[in-house]
Amino acid sequence: MNQKDRIALVTGAAKRIGRVIAMSLAKRGCHIVLHYNSSVGSAFATAEELKSYGVKVLPIQADLRRPEQIEAMIEQAVTHFGGLDILVNSAASFVRADLQSMTLDVWNEILAVNLTAPMLCIKYAAPVLLRQESGVVINICDLYSELPTPPMLAHGVAKAGLLNLTRALALELAPRVRVNAVIPGVVLPPDDASAEYLARTADKNLIKQWGNPDQVAQAVLFLIENDFMVGEALHVDGGESLAWRLRHVIRDPA
Ligand SMILES: NC(=O)c1ccc[n+]([C@@H]2O[C@H](COP(=O)([O-])OP(=O)(O)OC[C@H]3O[C@@H](n4cnc5c(N)ncnc54)[C@H](OP(=O)(O)O)[C@@H]3O)[C@@H](O)[C@H]2O)c1
């Protein structure tokens, strides 16, 4: 799909990775529905930057834990632009908690934002996407989608669900709508990350480096542009998902 003059909704686009994805789409001529929740200042600053690429931008606030706000967001976007071509589910809530420390509130919040919200965004957007010649959905997953990690219990379960959702909806919405996922590794640390954390985390992948949000955005663009990519989950992780093999290759080279 060529992005020029398409309409793209990016969730969590006020800052960080979602912002970079929205910028990449705007550079290709896509008009942007910029979803945000609490980051009002960043959202409007990002909207101004996006407009500098000559595209139209509609910022919409919505708490993705609230299904009625998701439905209203999609309706407002479609009414404003008269359609929708691309949906990127990037917003997420990241909370560390294992079984011992898990509360029902934390569990419900993570599942709501990281799994139920992307499903509802797709559900409400699907009639519009299906009406058109073609549509694309990209879900931003996580290495935890495939690698169970006890301290990230709810996050991992939600992201695993999102990966399964990607494949299930690729089946249900084909051939008009292509649903794909990107699985980033470490690309953007929290603002308060220590130097020790950064080094230890980079050491887990094969190139011993952090990635960056532009590399995630490149994968999103590739999945949008390549019309033969369906139900795919593209790793952008410096080989982290493969790094465990090194131990076996060294021990047992045959
Ligand atoms: N950072 C990484 O290295 C990394 C690695 C692997 C995967 N990922 C995935 O890549 C995506 C983007 O990562 P990121 O680090 O940029 O994410 P992030 O900064 O943790 O969160 C992105 C946005 O999600 C929105 N959000 C959170 N709770 C919400 C709610 N209840 N309702 C609506 N929006 C809500 C927030 O919007 P507001 O600020 O407007 O409230 C936030 O700015 C996520 O899906 C993440 O899991 C990131």
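Before going into details, it helps to say that this report is about the structure given with it. (Residues numbered from 1 in each chain as written. Predicted model: local features only at pLDDT ≥ 70, side-chain atom pairs only at ≥ 80, totals over all residues. Heavy atoms only, no water.)

**A closer look at the nonpolar core**
- Among the nonpolar cores identified, the biggest contains 38 residues, and L9, M73 and L84 are the most heavily contacted of them.
- Counting residues per element, the ones that place at least two in this core are β1 (7-10), β3 (57-61), α3 (67-81), α4 (104-131), α5 (153-173) and β6 (177-184).
- Core analysis: the next-biggest nonpolar cluster, separate from the first, contains 37 residues, M23, L25, I140 and V187 among them. (Core = buried A, V, L, I, M, F, W, Y, C linked by side-chain atoms within 4.5 Å. Buried < 20%, exposed > 50% of the residue type's maximum accessible area, 1.4 Å probe, protein only. Helix = DSSP H or I, 4+ residues; strand = E, 2+ residues; numbered from the N terminus.)

**Examining helix α7 (residues 213-225)**
- With 13 residues, α7 should reach 18 Å at 1.5 Å per residue; the first-to-last C-alpha distance of 18 Å fits that figure.
- Among the structural elements, α1 (16-27), β4 (86-89), β5 (135-140), β6 and β7 (233-236) are those in contact with the buried residues of α7.
- The N-terminus of α7 is capped by N212, whose side-chain oxygen sits 3.0 Å from the backbone nitrogen of D214. (Expected span 1.5 Å × (residues − 1). Contact = heavy atoms within 4.5 Å. Polar contact = N/O pair within 3.5 Å; in protein donor to acceptor, adjacent residues only side chain to side chain.)

**Some remarks on the pairing of strand β2 (residues 31-36)**
- Across the six residues of β2, six count as buried, placing the element largely inside the fold.
- Residues of β2 alternate between two faces, with H31, V33 and H35 on one and I32, L34 and Y36 on the opposite face, all of them buried.
- One ladder, built from four bridges, connects β1 with β2; its direction is parallel. Counterpart to V10 in the pairing with β2 is L34.
- In terms of handedness, the path from β1 via α1 over to β2 forms a crossover that is right-handed.
- Alignment of β2 against β3, held across five bridges, turns out to be parallel. Across the sheet, V33 pairs through a bridge with L58, a residue of β3.
- With helix α2 (residues 40-51) bridging β2 and its parallel neighbour β3, the resulting β-α-β unit is right-handed. (Pairing = 2+ DSSP bridges. Right-handed = clockwise from strand over helix to strand, strands pointing away.)

**Some points on the site of the ligand**
- Close contacts around the ligand come from 26 residues, with R16, N37, S38, S39 and S90 the closest.
- A distance of 3.1 Å separates an oxygen atom of the ligand from a polar atom in the backbone of I17.
- Compared with its free state, where it exposes 890 Å², the ligand has 87% of that area covered by protein.
- Of all the elements in the fold, those that place two or more residues in the shell around the ligand are α1 and β2.
- Of the residues belonging to the shell around the ligand, the class tally is 13 nonpolar, seven polar and six charged. (Near = heavy atom within 4 Å. Areas by Shrake-Rupley, 256 points an atom, 1.4 Å probe, with all protein chains shown as cover. Nonpolar A, V, L, I, M, F, W, Y, C, P; charged D, E, K, R; others polar.)

**Notes on the pairing of β4**
- Where burial is concerned, the two faces of β4 agree: the one with I86 and V88 and the one with L87 and N89 are both buried.
- Bridging between β1 and β4 involves three bridges; their strand directions are parallel. By the bridge assignment, A8 is partnered in β4 with I86.
- Pairing of β4 with β5 involves four bridges; the strand directions are parallel. Counted as the bridge partner of V88 is I138 from β5.
- The β-α-β motif built from β4, the intervening α4 and the parallel element β5 has right-handed crossover chirality.

Honestly, it's all geometry; don't read function into it.
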